[in-house]
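Observations on chain architecture
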Amino acid sequence: MYSPSLMQYGQPEPLAKPRTLRAGPLTMLYERGFLRYIRLGNHEVLRLIYHAVRDPNWATASHVIEDEVIEQQDDSFHIRYSCVCRNETIHLRWQCEITGDRDGTIQFNIDGEALTTFQRNRAGFCILHPIPECAGQPCTLTHPDGSQTVASFPEAISPHQPFFNIREMQWATVNGGSAVLWFVGDVFETEDQRNWTDASYKTYCTPLAKPFPVTLKLGDKIQQSVELRLVAPDSMPDKTESKTSETVVSLGSSTRPLPVVGIGANYETLTDSAVRWLREANFHHLRVEVNFQQPDWPDAFRKAVDDAVLLNVKLELVLIFNQLANYELYTFLKHTVDPALIDSVLIVSNVTKTTPPSLINEVVPPLRQAFPTARIGAGTNAFFVAVNRETPPLDAVDFIAYSISPQAHATDNLTLIENTTDQADTVRDARRWIPDVHVSPVTLRPRFNPDATGNDPESAPDQMPFSTDPRQMSLIGAAWTLASLKNLMQAEARSLTYYEMVGEQGVVQGDFPSAYPDQFFAEAGMVFPLYWVFRAVNRFQGGHIIPTTSSQPLKAEALCLQNESQTVLILANQTDEPQTVRVPLTQPAVVRVLDETSFAKATLSPAIFWEESAQEVAPADEATVAFELAPYATVFIEW
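Summarised in this report is the structure supplied together with it. Sequence order sets the numbering: in each chain, residues are counted from 1 along the sequence as written. Local features in a predicted model are, by the rule used here, given only for residues with pLDDT of at least 70; side-chain atom pairs are given and counted only at 80 or more, and totals for whole chains, interfaces and linings are based on all residues. Only hydrogens and water are removed before side-chain values are computed, so all heavy atoms of the structure are retained for them.

1. Focus on the overall build of the protein chain
Runs of E in the DSSP output that reach at least two residues are strands. Runs of H or I that reach at least four are helices, and both are numbered from the N terminus. On a plain count of helices and strands, the protein chain comes out with 13 helices and 39 strands. Computed over C-alpha atoms, the radius of gyration of the protein chain comes to 25 Å, within 12% of the 26 Å expected from 2.2 N^0.38 for 639 residues, which places it in the range of a compact globule. With the C-alpha coordinates of the protein chain rotated into their principal frame, the extents come out at 70 × 65 × 45 Å. In this scheme, a residue with accessible area under 20% of its type's maximum is buried, one over 50% is exposed, and one in between is partly exposed, where area comes from a 1.4 Å probe on protein chains only. Scored against the burial criterion, the 639 residues of the protein chain give a buried share of 57%. Residue contacts are defined here by distance: any two heavy atoms, one from each residue, within 4.5 Å place the two residues in contact. Within the protein chain, contacts between residues at least 6 apart in sequence are counted, and of these 70% link residues at least 24 apart. The accessible surface values rely on the Shrake-Rupley method and a 1.4 Å probe; as for residues, cover is taken only from the protein chains in view. With the model as given, the accessible surface of the protein chain reaches about 25700 Å², and the carbon-plus-sulfur share is 50%. We count Lys and Arg on the positive side and Asp and Glu on the negative side, and we leave His and both chain ends out. The atom standing in for a charge is NZ when the residue is Lys, CZ when it is Arg, CG when it is Asp and CD when it is Glu. Taking the 49 positively charged and 77 negatively charged side chains of the protein chain as two groups, their mean positions are separated by 2 Å. Radius of gyration: over C-alpha atoms. The globule rule applied is 2.2 Å multiplied by the number of residues raised to the 0.38 power.

Okay, structure coming up:
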C-alpha cells in the first residue's frame, strides 16, 4: 500500500507544511528557510526571497536547515537558523536571520563562511517578482553611485536583463503606495525568468558582467542583507483578510484548434502490454533524436522507426548535426524509411544553441526532397531562452521549436506548479516570429544542462540521475501535466511532445521494475497517473479546445476539449490541500476521479479503472456544479 505522500508527489515521507507569517499588513509563507508569496491583501508583492549557491555548471547546492528558532506574533516574527549548502564541490554555511515588523518591513540577513575551497557562479540572495502584478509596471532603480533611472518590467519576454546595477528598486503596489527593496553586500540585476518558463522576474547577485566562476577559499566570508519596506500607502488591507474558499472555472465562447500531442522515444524494448497502453493513449507522433555525435545513432533511429510502426504513429525527427552536416545528412538519408512516416524534422546543432543559418541553407533543400510532406523546422534542443536571444532565420523553414522544463532553477512542489502559468508566454512570443510553434519535449526535469562549462560529477551507479523525477509516477505529475497542456494549447502551439514512452521518465513503467527502487517507487507494469490525462486528451485529436479561465490557477486548473459528438472538462487540484472547484455544467455528465482512493486501480489495475470509475452526475437547477477535489486530484467530466 502506497503512503499518501508517495501517491501525491512520489516521496515516501510527507513534506513539512509551510508556516503562515504576518509582518503588519503583509502575509507570507515561510518554507525551509525562505519567504514566499509575500502579499498585501490579495496583491502579491514578491513571490520569493531566497539564497542560493551555484557551482560552475550552474547547479544549485542543496541545503539543510539547522538550529532553527521561530518567534512568531500576530503581526511580527523573528527567525534564526543555520543553513548548510552542499554538493559534490560546494560546502558553505550561512547564519541567517529574518525579521518581520509591524509596519510591514522585512529584513533578511545572511552571513556565510566557506567550509572548503570551491568555485561558485553565484552565492547570495535571489528575489522573485510576480508576473501578473509587475508586467509593464515602471520601476525606479537606484544605482550604487546614488543615481536613478526608471525602467519597466517587460511584458514580452526580455531576452536579456531589463535592469542592471541595482542598489535599490521601487515600484507601485495595488493600494496606491509602493514597495522598496534595498540591497547590501553586493550589486544586483534582474532577468526575465520566463525564458526558462519560471513564472517570475528574478533580481539576483552578482552581475553576470563580472567574471565567473569565482574561487572561495576555506574560511572566506559572504555577508548580504535584503530589506523590503512599504512606502506611503493610501490604505492598508484589513488584517482579517478573507480567503476565497472555492475556485471558479469559466468557459470561453469561442474555440481554437487542438494541437497534436506526441511522446518521446527511448531505448527500452516495448513489450506487448506497453504497446497496448501506448496505442490506447493515441499519441500523434514519436519524437526521436538522431545525434550524429553518437556512434549508435543508426540503432536509435531504426528502433524509433520500428516503434512508430508498431504504435501506428508518425515520427518527429530531431537531427542534431556537427560540423560536417552534408556528410552526416548523406549518411542518414541512406537509411531508408517511408517518407510518409515523417511528420516533422527539427534541425539543430551540437555546436551552437540555436540552428545556425549556414546549417539551414545546407540541409533544408535535400530534406524537403527526401521528405516532401514533412514540415521542416529550426530552433533549439534546449530552453526558450536560446531562441529568444538568438532567433534563427525562419523564412526557409515551417516552424520553430524549443523545449520546456519547470525545474531550471528550483525543484520544490510549489515552484513546479507555479511554472505552468507562463508557458503560454513563450508560445505567444514565438508566434510573433512564425505562427507554427512546436514545444518539444516537455519534461519535468531538464534532460541535460545546456549551460554547463564542464562535465558534471559522475553519480554512483545506483543514484537516480537528476533528469529523473519521482513525481513522474504521482498525482502531482498528472495535475502538472494537465495545467501545462491547458496553457500551451490555449496559446495555440501547433505541436506538443511530452516525456518518454516507458520507464522512469515515461507515461508507463513498462514490464520491468524501477531502476532506482529506493528513489523511484514505481512497480513493474505500473501506468502513471499522467497517462490518463493524455489518454483523455488524445481522444479529441482533430477537435477543438474551449478556453478556460480559473479564478485561482495556482490552486486548480481546467482544460476543456470538444469534438463533433462529445465534450470533456478535466479539472486538476494543484495543491496538497482539498479544493472546491465550481464549473459550468447544465446537463448530465459522466465523471471519473483520479485521486488517492483510485490511485491503486488506475496505476496497477488500469484495465478496469476507466470503466469502473465512471459515475453519472446530474446537475440541479443551478447552472454550475461544485466538485470537491482531494490533494492533487484529477477529475474527468464528459458529456
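2. Side note on a nonpolar patch on the surface
Side chains of Leu324, Tyr327 and Tyr330 sit close together on the surface and give an oily, nonpolar patch of about 400 Å² of accessible area. Within the element layout of this structure, Tyr330 appears in helix H5 (residues 325-333). Two distance rules govern patches: like charges are joined within 9 Å, and nonpolar side chains (Val, Leu, Ile, Met, Phe, Trp, Tyr) within 5 Å, applied only to residues with over 30% relative accessible area and no salt bridge. Each salt bridge in this description consists of a side-chain nitrogen of Lys or Arg and a carboxyl oxygen of Asp or Glu lying within 4 Å of one another.

3. Describing helix H11 (residues 529-538)
For H11, the tally of buried residues reaches ten of ten residues, placing the bulk of the element in the interior. Turning to H11, its buried residues number three or more, namely Pro529, Leu530, Tyr531, Trp532, Val533, Phe534, Arg535, Ala536, Val537 and Asn538.

4. So, the pairing of strand E16 (residues 188-192)
Within E16, five of the five residues are buried, leaving the element largely enclosed by the surrounding structure. Pairing geometry for strand E13 (residues 163-166) and E16, over two bridges, is antiparallel. In the sheet register, Ile166 faces E16, and the bridge partner there is Phe188. Any two strands with at least two DSSP bridges between them are considered paired. As paired elements, E16 and strand E17 (residues 200-204) share four bridges and run antiparallel to each other. Bridge pairing in E17 places Glu191 opposite Lys202.

5. Considering the pattern of salt bridges
On inspection of all chains with the given rule, the structure shows 35 salt bridges. The partner of Glu31 in a salt bridge is Arg36, and the shortest N-O contact between them spans 3.0 Å. Taking the relative accessible area as the measure of exposure, Arg36 reaches 4% and is therefore buried. A salt bridge links Glu280 to Arg535; its shortest N-O distance comes to 2.8 Å. Of this pair, Glu280 sits in helix H3 (residues 272-281) while Arg535 sits in helix H11; the two residues are 255 residues apart in sequence, bridging distant segments of the chain. With relative accessibility at 33%, the residue Glu280 sits in the partly exposed group.

6. With respect to the nonpolar core
Side-chain atoms within 4.5 Å are what join buried Ala, Val, Leu, Ile, Met, Phe, Trp, Tyr and Cys residues into a set we call a nonpolar core. Leu315, Phe332, Val439, Leu485, Met489 and Tyr498 are the most contacted members of the largest nonpolar core, which has 111 residues in total. The residues touching Met489, leaving out its near neighbours within four places in the chain, are Leu258, Pro259, Val261, Leu496, Val537, Ile545, Leu559 and Leu561.

7. Here's the deal with the side chain of Glu504
In this structure, Glu504 sits in the loop between strand E29 (495-502) and strand E30 (506-508). Despite being buried, Glu504 has no salt bridge partner; Arg445 is the closest side chain of opposite charge, sitting 12 Å away. Whenever a nitrogen or oxygen atom comes within 3.5 Å of another N or O atom, the pair is scored as a polar contact, on the condition that within protein one atom can donate a hydrogen and the other can accept it, and that pairs from neighbouring residues in sequence are kept only if both atoms are in side chains. At a separation of 3.4 Å, a polar atom in the side chain of Glu504 contacts the side chain of Gln509. Polar contacts involving the side chain of Glu504 include one to the main-chain amide nitrogen of Ala515, which spans 2.8 Å.

8. A closer look at the environment of Pro138
On the secondary structure map, Pro138 appears in strand E11 (residues 138-142). Residue classification places Pro138 among the partly exposed positions, given a relative accessible area of 44%. Spatially, the C-alpha atoms of Pro138 and Gln170 are 8.7 Å apart, while their sequence positions differ by 32 residues.

9. Some thoughts on the packing of H3 against H11
Look at H3 against H11: their axes get within 8 Å of each other, and the N-to-C directions meet at 45°. Looking at the two axes, H3 sits oblique to H11. Every residue of H11 that contacts H3 at Trp277, Glu280 and Ala281 is listed here: Tyr531, Phe534, Arg535 and Asn538. A per-class count over the contact of H3 with H11 returns four nonpolar, one polar and two charged. All axes are obtained by fitting lines to C-alpha atoms, using only the stretch in contact for helices, and the reported angles, taken between N-to-C directions, cover 0 to 180 degrees. Should an angle fall under 35 degrees it is called roughly parallel, over 145 degrees roughly antiparallel, and 65 to 115 degrees roughly perpendicular, with every other angle called oblique. In this count, Pro and Cys sit with the nonpolar residues alongside Ala, Val, Leu, Ile, Met, Phe, Trp and Tyr, while Asp, Glu, Lys and Arg are called charged and the others, Gly among them, polar.

10. Focus on the environment of Ile404
Within the element layout of this structure, Ile404 appears in strand E27 (residues 399-404). Apart from residues no more than four positions distant in its own chain, Ile404 is found in contact with Thr197, Gln423, Thr426, Val439, Pro441, Val442, Thr443 and Leu488.

11. Quick notes on the sheet that holds strand E39 (residues 634-638)
What the seven strands build is an open sheet, ordered E21-E31-E33-E34-E39-E36-E37; its pairing is antiparallel. Two strands in the sheet have a free side with no partner beyond their single neighbour: strand E21 (256-257) and strand E37 (615-617). As judged from the three bridges shared by strand E36 (residues 589-594) and E37, these two strands associate in the antiparallel manner. Considered in E37, the bridge of Val590 is made with Glu616. Strands E21, strand E31 (544-546), strand E33 (556-562), strand E34 (567-573), E36 and E39 of the sheet are contacted by helix H10 (residues 475-490), whose axis makes an angle of about 60° with E33. Each of E33, E34, E36 and E39 is contacted by H11, which is oriented at about 20° to E39, the strand it contacts most.

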